[in-house]
Amino acid sequence: MTRQSRADRGRRADAERNIAAILEAGSRLLGDDAGASVADIAKAAGVGRVTLYGHFPSREALVEAVLAHAVTQADEALAAGFRDDLPAAEALEALVRSSWEILDRHSRLFIAADRVLATEQIREHHRQPLQRVEELIRRGQEESGFRDDLPLSWLVATFFGLVHSAAREVEMGRLDREDAARVLTSTLLSVLGK
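Just so you know, these numbers come straight off a predicted model, no measurement behind them.

Hey, could you run me through the pattern of salt bridges in this one?
Opposite charge on two side chains lets them pair, provided their charged atoms get close. Inspection of the entire model under this criterion finds eleven salt bridges. Between D75 and R132 there is a salt bridge, and its shortest N-O distance comes to 2.7 Å. Of this pair, D75 sits in helix α4 (residues 59-81) while R132 sits in helix α8 (residues 127-142); the two residues are 57 residues apart in sequence, bridging distant segments of the chain. The exposure class of D75 is buried, given its relative accessible area of 13%. A salt bridge links E143 to R139, with the shortest nitrogen-to-oxygen separation between them at 3.2 Å. A relative accessible area of 17% means that R139 is categorised as buried.

Would you mind going over the packing of helix α5 (residues 88-105) against helix α10 (residues 180-192) with me for this structure?
Each packed pair of helices is defined by two parameters, the angle between the axes and the distance between the axes. As a packed pair, α5 and α10 sit with axes 10 Å apart at the nearest point and diverge in direction by 150°. Classed by the angle they form, the pair α5 and α10 counts as roughly antiparallel. Seen along the crossing, α5 lies across α10 with a hand that is right-handed. The residues of α10 that touch α5, namely those facing A89, L92, E93, V96 and W100, are A180, A181, L184, T185, L188, L189 and L192.

Explain the side chain of T158 here, please?
Assignment of secondary structure puts T158 in helix α9 (residues 152-171). By relative accessible area, which is 17% here, T158 ends up buried. Looking at T158, its side chain comes within polar contact range of the main-chain oxygen of W154, at 2.8 Å.

Could you clarify how one ought to interpret unusual backbone geometry in this entry?
With glycine set apart, most residues show a phi of negative sign, and most peptide bonds adopt trans. You will see that S144, though not glycine, has its phi angle at about 65°, which is positive. Inspection of the secondary structure puts S144 in the loop between α8 and α9.

Just checking my understanding: could you explain α8 for this structure?
An α-helical turn contains 3.6 residues, so a residue and the one three or four places further along point in the same direction. Between its first and last C-alpha, α8 extends 22 Å over 16 residues, near the 22 Å set by a 1.5 Å rise per residue. Residues P129, L130, R132, V133, L136, I137, R139, G140 and Q141 constitute the buried set of α8. Positive phi appears at S144, one or two residues downstream of α8, with a value of about 65°.

Sorry, what's going on with α10 here?
Compared with the 18 Å implied by 1.5 Å per residue over 13 residues, the 18 Å span of α10 between its first and last C-alpha is a close match. Buried within α10 are the following residues: A180, A181, L184, T185, L188 and L192. End-on view of α10: buried residues confined to an arc of 125°, all on one side of the axis. Structural note: α10 exposes R182 and S190 on the side pointing more than 90 degrees away from its buried face. Contact partners of the buried residues in α10: α5, α8 and α9.

Reading guide: rules and limits
Residues numbered from 1 in each chain as written. Predicted model: local features only at pLDDT ≥ 70, side-chain atom pairs only at ≥ 80, totals over all residues. Heavy atoms only, no water. Salt bridge = Lys/Arg side-chain N within 4 Å of Asp/Glu carboxyl O. Helix = DSSP H or I, 4+ residues; strand = E, 2+ residues; numbered from the N terminus. Buried < 20%, exposed > 50% of the residue type's maximum accessible area, 1.4 Å probe, protein only. Axes fitted to C-alpha atoms, helices over the stretch in contact; angles between N-to-C directions. Parallel < 35°, antiparallel > 145°, perpendicular 65-115°, else oblique. Left-handed = near helix turned anticlockwise from the far one by under 90°. Contact = heavy atoms within 4.5 Å. Polar contact = N/O pair within 3.5 Å; in protein donor to acceptor, adjacent residues only side chain to side chain. Expected span 1.5 Å × (residues − 1). Arc of directions from axis to C-beta.

Here it is in structure tokens:
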């Protein structure tokens, strides 16, 4: 191995550590304050703004990367809470209960994303979690527990919209954080149920 290739590997490892630190700091700071500055995120990550902008050339690119990171974590929570051994309505309730905490934790991040990203960009990042929801709704339709008089894509979009609305309502203080999962589940079941 040449000295140059070892140096390149060292630079790549440093870059990967910097990116991981930036994403973690971005998740934490934007999760606390949707208006957190790029300078604050760079400082919290232990890097300079030049380094941050070297990886993420704009605030939009940074917010999008942080959103992708957060959605990956949320999808892992959804996967862990996904119960195909229960009837669809009970599985939906278990899914919301198990994943609400992580969704709530990232509510301000979603507000930050809403400010700088197009709705379709945000939805694209949610593609994998929404596929899980689509499978669950389809199963509920097959079990005759969920309505089938509306397009499946509309029911999935409604699920997505209600989850994000619940997070915004909690953020604005109009919905009690402790009661949000119950309210969300009840609303979803009334919308999806026959």
